[in-house]
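The residues making up each chain are set out below.
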Amino acid sequence: MKTAKLAKSYRVDDGKNFRLKDIDPADTGHWHSADEAKEQLQKDISRLEELQDKLYAQDRWALLLIFQAMDAAGKDGTIKHVMSGVNPAGCQVYSFKVPSDTELQHDFLWRTTQHLPERGHIGIFNRSYYEEVLVVRVHSEALKNEALPPSLVTKDIWEERFEDIHSFERHMARSGTVIRKFFLHLSKKEQKKRFLARLEEPEKNWKFSASDIHEREYWDHYQKAYEEMIRNTATKHAPWYVVPADNKWFTHLVVAGVVVETLEELGLSYPKVDAAKRKEIQEAAKALNK
């Protein structure tokens, strides 16, 4: 089974009946091991390299990849592996942490909007504006830092933000930016295993943060927030892919398949050279040969 076909089973473009529990974080489809999947992953990475070159040369479409997940789900590693063959000149990765004071003085979409990919480029958001309906929802006291007028902080604020995100992504799609969103679906058991590795293996100590353990206490709250987020923001023009993340190699395989399939659907090609340009090339070749 090609990875593109496999990835379709994790695609959500109508979240009406979506339930997070229906997808097993340990699922690996028909693949049984990393060694078995390695060849296919390399094929997809090579294909992605070819497609990105055409995307850059054609300079018409932009691709935005959004990654959301619980801590230790493997966002950084997935981006590193899947995009390993991509030309850095045509790809930018942005990681969004706690908003700065300046960012808090603007609307919740402002800080990410500044980093949207230009035409011909791939933009990658490691976390994104979706934090505003995740961490801010779980820790609703964070809304106080956003200095919103009290009359706007109502029981409908999350539905209103879903609506704003939906409209924003529709606008971007109509402007030539293709959006694909990935939720790396990690089990609580596997997260514990990865946290312990960060504590026990010296080369991973730098990854540990006390806040990771603190956030783990809100696991059920986050799972509910993620489910609501996907239900309300999954659309055909900006679908979510709920990718099993307990096996990192499988996560890489699925994400690579989605990115390749998405670019292939754009019908990318190198710009055609007109007669005047062809003549210019011929004359340049003659001059060089002399």
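The structure this text deals with has already been given above.
Residues numbered from 1 in each chain as written. Predicted model: local features only at pLDDT ≥ 70, side-chain atom pairs only at ≥ 80, totals over all residues. Heavy atoms only, no water.

Colleague: How should I be thinking about helix α2 (residues 34-58) in this particular structure?
Modeller: In an α-helix, one turn spans 3.6 residues; hence positions three or four apart end up facing the same way. Compared with the 36 Å implied by 1.5 Å per residue over 25 residues, the 35 Å span of α2 between its first and last C-alpha is a close match. The largest bend in α2 is about 25°, located at Gln40. All of the buried residues along α2 are Ala37, Gln40, Leu41, Asp44, Ile45, Leu48, Leu51, Gln52, Leu55 and Gln58. Just downstream of α2, Asp59 is the residue with a positive phi angle, here 55°. (Helix = DSSP H or I, 4+ residues; strand = E, 2+ residues; numbered from the N terminus. Expected span 1.5 Å × (residues − 1). Bend = angle between axes of the 7 residues up to and from the residue. Buried < 20%, exposed > 50% of the residue type's maximum accessible area, 1.4 Å probe, protein only.)

Colleague: Just checking my understanding: could you explain empty space enclosed by the protein for this structure?
Modeller: A probe matching the size of a water molecule, rolled over the atoms, marks out where space remains unfilled. Evaluation of the coordinates by the stated rule reveals one cavity of 30 Å³ or more. Reported here for the largest cavity is a volume of approximately 30 Å³. Around the largest cavity, the lining residues are Phe108, Arg111, Ser128, Tyr129, Glu131 and Glu132. Looking at the lining of the largest cavity residue by residue, the classes come out as two nonpolar, one polar and three charged. (1 Å grid on protein atoms, 1.4 Å probe; cavity = no way out; pocket = protein on both sides within 12 Å on 5 of 7 lines; lining within 4 Å. Points joined across faces, edges and corners; volume = space filled by probe spheres on them. Nonpolar A, V, L, I, M, F, W, Y, C, P; charged D, E, K, R; others polar.)

Colleague: How do you make sense of the packing of aromatic side chains when you look at a structure like this?
Modeller: According to the stated counting rule, one finds nine aromatic pairs in the structure shown. Ring centres of Phe96 and Phe125 lie 5.0 Å apart, and the angle between their planes is 85°; this geometry places the pair in the edge-to-face category. With a gap of 29 residues between them, Phe96 in the loop between β3 (91-95) and α4 (101-104) and Phe125 in strand β4 (residues 122-126) connect regions that are remote in the sequence. You can call Phe96 buried: its relative accessible area is 7%. (Phe/Tyr/Trp six-rings, centres within 6.5 Å; stacked < 30°, edge-to-face > 60°.)

Colleague: Got a minute to help me understand the nonpolar core in this structure?
Modeller: The nonpolar side chains of a soluble globular protein tend to be buried with one another. Residues Leu65, Met83, Tyr130, Phe182, Met229 and Leu263 are the most contacted members of the largest nonpolar core, which totals 78 residues. For this core, the leading source of residues is helix α11 (residues 248-265), giving ten residues. Excluding anything up to four places from it in sequence, Met83 contacts Leu48, Leu65, Thr78, Cys91, Ile122 and Ile124. (Core = buried A, V, L, I, M, F, W, Y, C linked by side-chain atoms within 4.5 Å. Contact = heavy atoms within 4.5 Å.)

Colleague: Is there a simple way to think about the pattern of salt bridges in this case?
Modeller: Once the charged atoms of two side chains with opposite charge are near each other, the side chains can pair. Under the definition given, this model contains 20 salt bridges. In this structure, Arg111 engages Glu103 in a salt bridge whose closest nitrogen and oxygen atoms are separated by 3.4 Å. Residue classification places Arg111 among the buried residues on the basis of a relative accessible area of 9%. Here Glu265 makes a salt bridge to Arg180, at a shortest N to O gap of 4.0 Å. Of this pair, Glu265 sits in helix α11 while Arg180 is found in strand β5 (residues 177-185), placing the two residues 85 residues apart along the sequence. On the accessibility criterion, Glu265 (54% relative accessible area) is exposed. Note on Arg180: relative accessible area 8%, which makes it buried. When salt bridges that share partners are traced, they join Arg47, Glu50 and Glu264 into one network. (Salt bridge = Lys/Arg side-chain N within 4 Å of Asp/Glu carboxyl O.)

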